[in-house]
Amino acid sequence: RSLFLLGKYVGVVLFVALHVTIFFVGTWMAIGLRTDIWPPQYLLGIPLMIFHFAVVFSFSVMLAVIFRSSMACVVGTVLFWFACYGINYGRHFALVSEQLGGPPMAGFTVFLSELGYWLLPKPIDFSILFEKSLNFQNFKLMLDADPFKTMLDKNLFHPIASILTSALFPAFALWAAASQLAKTDY
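Residues numbered from 1 in each chain as written. Predicted model: local features only at pLDDT ≥ 70, side-chain atom pairs only at ≥ 80, totals over all residues. Heavy atoms only, no water.

(A) Local environment of the overall build of the protein chain. When helices and strands are counted, the protein chain shows seven helices and zero strands. Going from N to C terminus, the protein chain has its helices and strands arranged as α-α-α-α-α-α-α. Across its three principal directions, the C-alpha atoms of the protein chain cover 55 × 55 × 25 Å. The contacts of the protein chain with a sequence gap of at least 6 include a subset with a gap of at least 24, amounting to 72%. Accessible surface, the protein chain as shown: approximately 11000 Å² in total, 72% of it carbon and sulfur. Computed over 11 positive and 9 negative side-chain charges, the inter-centroid distance for the protein chain is 10 Å. (Helix = DSSP H or I, 4+ residues; strand = E, 2+ residues; numbered from the N terminus. Contact = heavy atoms within 4.5 Å. Areas by Shrake-Rupley, 256 points an atom, 1.4 Å probe, with all protein chains shown as cover. Lys, Arg positive; Asp, Glu negative; His and termini not counted. Charge placed at Lys NZ, Arg CZ, Asp CG, Glu CD.)

(B) Local environment of helix α4 (residues 107–119). Helix length check: α4 (13 residues) gives 18 Å between terminal C-alpha atoms against 18 Å at 1.5 Å per residue, within 8%. Residues of α4 that are buried include every one of Ser113, Glu114, Gly116 and Tyr117, and no others. With its buried residues spanning 165 degrees around the axis, α4 presents them on a single face. α4 presents Gly107, Phe108 and Leu119 as exposed residues on the side facing more than 90 degrees away from its buried surface. Those residues of α4 that are buried lie in contact with α3 (70–96), α5 (123–134) and α7 (159–183). (Expected span 1.5 Å × (residues − 1). Buried < 20%, exposed > 50% of the residue type's maximum accessible area, 1.4 Å probe, protein only. Arc of directions from axis to C-beta.)

(C) Spotlight on the packing of helix α1 (residues 2–35) against helix α2 (residues 45–67). Here α1 crosses α2 at 150 degrees, and the two axes come no closer than 9 Å. Considering only the axes of α1 and α2, their crossing is right-handed. Contacts between α1 and α2 pair Leu5, Tyr9, Val12, Val13, Val16, Ala17, Val20, Thr21, Phe24 and Val25 from the former with Gly45, Ile46, Met49, Ile50, Phe53, Ala54, Val55, Phe57, Ser58, Val61 and Val65 from the latter. (Axes fitted to C-alpha atoms, helices over the stretch in contact; angles between N-to-C directions. Left-handed = near helix turned anticlockwise from the far one by under 90°.)

(D) Fine view of the nonpolar core. Membership of the largest hydrophobic core comes to 29 residues, with the highest contact counts inside it found for Leu5, Tyr9 and Val61. When residues of this core are traced back to their parent elements, those giving at least two are α1, α2, α3 and α7. In terms of residue count, the dominant contributor to this core is α2 (ten residues). Counting residues in hydrophobic clusters, the runner-up holds ten residues, among them Leu48, Ile128, Met151 and Leu152. (Core = buried A, V, L, I, M, F, W, Y, C linked by side-chain atoms within 4.5 Å.)

(E) Examining the environment of Asp36 more closely. Inspection of the secondary structure assignment puts Asp36 in the loop between α1 and α2. Residue class for Asp36 comes out exposed when judged on its relative accessible area of 62%. In the structure, Asp36 is positioned 121 residues away from Phe157 in sequence and 33 Å away in space, judged by C-alpha atoms.

(F) Focus on the side chain of Asn88. Inspection of the secondary structure assignment puts Asn88 in helix α3. Taking the relative accessible area as the measure of exposure, Asn88 reaches 1% and is therefore buried. Leaving out residues up to four positions away in the same chain, Asn88 has contacts with Tyr117, Lys122, Pro123, Ile124 and Asp125.

(G) Focus on α1. With 34 residues, α1 ought to run about 50 Å at 1.5 Å a step, and its terminal C-alpha atoms sit 48 Å apart, in line with that. Within the span of α1, buried status applies to Leu5, Tyr9, Val13, Ala17, Val20, Phe24, Trp28 and Gly32. Looking at the buried side of α1, the elements it contacts are α2, α5 and α7.

(H) Just the pattern of salt bridges, in detail. Counting across every chain of the model gives one salt bridge. Glu114 serves as the salt-bridge partner of Arg91, at 3.0 Å between the closest nitrogen and oxygen. Separated by 23 residues along the polypeptide, Arg91 in helix α3 and Glu114 in helix α4 bring together distant segments of the chain. One exposure class covers both Arg91 and Glu114, and it is buried. (Salt bridge = Lys/Arg side-chain N within 4 Å of Asp/Glu carboxyl O.)

Listed below in structure tokens is the structure:
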């Protein structure tokens, strides 16, 4: 059962990878043909988007095995993504709130934000990585927002650690799903 679950997971991720690749290559070619500018770093969005999907989809698989309900998977995954986004934003804000003129955060609040940040996937960090790879100068991006700009200026963003710890989450979620599937009598 575990191998079957993993096979279905990998199959869906590969199916989405095909569509993501078609989208990014197609839009890259359209931009290049229209403007005669061919930014190769735009194609870095392919592995970032696939990885982001794989992380969030692993949570959906875990919910599917636990609840056996499509609605629980959809609603739970969307709520999970918003929770991860909020924790990711809250952690970055907690680190730089004093530099932005806000009140100092309590030590326990910073500890909880750090704990949630390092245990859960990081959707904002994926956006930051993509925007940094594009290196656009004349556009208003997420990187221009005060918490993120200050965080990057203070070197508080660790992209490799962010990706590696985000990669641990799908391993845990798939292990939990496989464990539950092995115990469940269908």
